[in-house]
Amino acid sequence: MIGVATIGAVVAVLLVGVVVLVRKPADARRVLRWSALAITLLVAAVLTPYTVDDSGAAAAYLLGVPVVAALLPVLAQRIGRLAVVADLTAALIVAGWGLLLGLGIGGAFLPAVVLLLASAVSTGAARPAATA
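Okay, so let's go over this structure. Remember, predicted model here, so these are calculated numbers, not experimental data.

## A few points about the environment of Leu 88
Logical step 1: Note that Leu 88 resides in helix 4 (residues 83-100).
Logical step 2: Between the alpha carbons of Leu 88 and Ala 120 there is a distance of 6.3 Å; along the sequence they are 32 residues apart.
Logical step 3: Residue contacts for Leu 88: discarding those within four places in its chain leaves Leu 117 and Ala 120.

## So, helix 2 (residues 28-55)
Logical step 1: Most pronounced at Thr 48, the bend in helix 2 amounts to some 50°, and the proline Pro 49 follows within four residues.
Logical step 2: Of the residues trailing helix 2, Gly 56 is marked for its positive phi of about 65°.

## Re a nonpolar patch on the surface
Logical step 1: Taken together, Met 1, Val 46 and Tyr 50 make up a surface patch of nonpolar side chains, about 270 Å² in accessible area.
Logical step 2: Summarising the element assignment, Tyr 50 is placed in helix 2.

## Digging into the packing of helix 3 (residues 59-79) against helix 4
Logical step 1: The N-to-C vectors of helix 3 and helix 4 enclose an angle of 170°; their axes lie 8 Å apart at closest approach. Judged by the inter-axis angle, helix 3 sits roughly antiparallel to helix 4. Contacts between helix 3 and helix 4 pair Tyr 61, Leu 62, Val 65, Pro 66, Ala 69, Ala 70, Leu 72, Pro 73, Ala 76 and Gln 77 from the former with Ala 83, Ala 86, Asp 87, Ala 90, Ile 93, Val 94 and Trp 97 from the latter.
Logical step 2: Per-class residue counts for the contact of helix 3 with helix 4 are 15 nonpolar, one polar and one charged.

## A look at helix 4
Logical step 1: In this model, helix 4 (18 residues) spans 25 Å end to end at C-alpha, consistent with the 26 Å of a helix rising 1.5 Å per residue.
Logical step 2: Inspection of helix 4 places Ala 83, Ala 86, Asp 87, Ala 90, Ala 91, Val 94, Ala 95, Trp 97 and Gly 98 among the buried residues, and these make up the whole buried set. End-on view of helix 4: buried residues confined to an arc of 165°, all on one side of the axis. In this structure, helix 4 carries Leu 92, Leu 99 and Leu 100 as exposed residues pointing more than 90 degrees from its buried face.
Logical step 3: Buried residues along helix 4 sit in contact with helix 2, helix 3 and helix 5 (111-121).

Reading the values: rules and limits
- Residues numbered from 1 in each chain as written.
- Predicted model: local features only at pLDDT ≥ 70, side-chain atom pairs only at ≥ 80, totals over all residues.
- Heavy atoms only, no water.
- Helix = DSSP H or I, 4+ residues; strand = E, 2+ residues; numbered from the N terminus.
- Contact = heavy atoms within 4.5 Å.
- Bend = angle between axes of the 7 residues up to and from the residue.
- Patch = residues over 30% accessible without salt bridge, like charges linked within 9 Å, V, L, I, M, F, W, Y side chains within 5 Å.
- Areas by Shrake-Rupley, 256 points an atom, 1.4 Å probe, with all protein chains shown as cover.
- Salt bridge = Lys/Arg side-chain N within 4 Å of Asp/Glu carboxyl O.
- Axes fitted to C-alpha atoms, helices over the stretch in contact; angles between N-to-C directions.
- Parallel < 35°, antiparallel > 145°, perpendicular 65-115°, else oblique.
- Nonpolar A, V, L, I, M, F, W, Y, C, P; charged D, E, K, R; others polar.
- Expected span 1.5 Å × (residues − 1).
- Buried < 20%, exposed > 50% of the residue type's maximum accessible area, 1.4 Å probe, protein only.
- Arc of directions from axis to C-beta.

In structure tokens form, the structure reads like this:
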């Protein structure tokens, strides 16, 4: 089950990357943030039965931490403040949580980190060329 979730997350991240590179949406950061949240939610949904069987009530925070972290950039975007900081913070939290749980379910959450980092480093608008 964990392998299926991990492979599905990797494929989804690759598809989002291709779509962003080919289609070049006007607000690529928005697409990347929402995609990271959607992938994280889907991974958590797929892993819920396995995690509940294995960890019981602890599944709420084992799966909830990455979901809440992936939600932060989307909320920051809606508020309009510190969205890049939220991207980096979410990437750090999800990566840390994924590595902490790496021998179990954590690895399935790591592909979404790529989208969060891409959102943090992507340019929002074209910068004017430097003049000599």
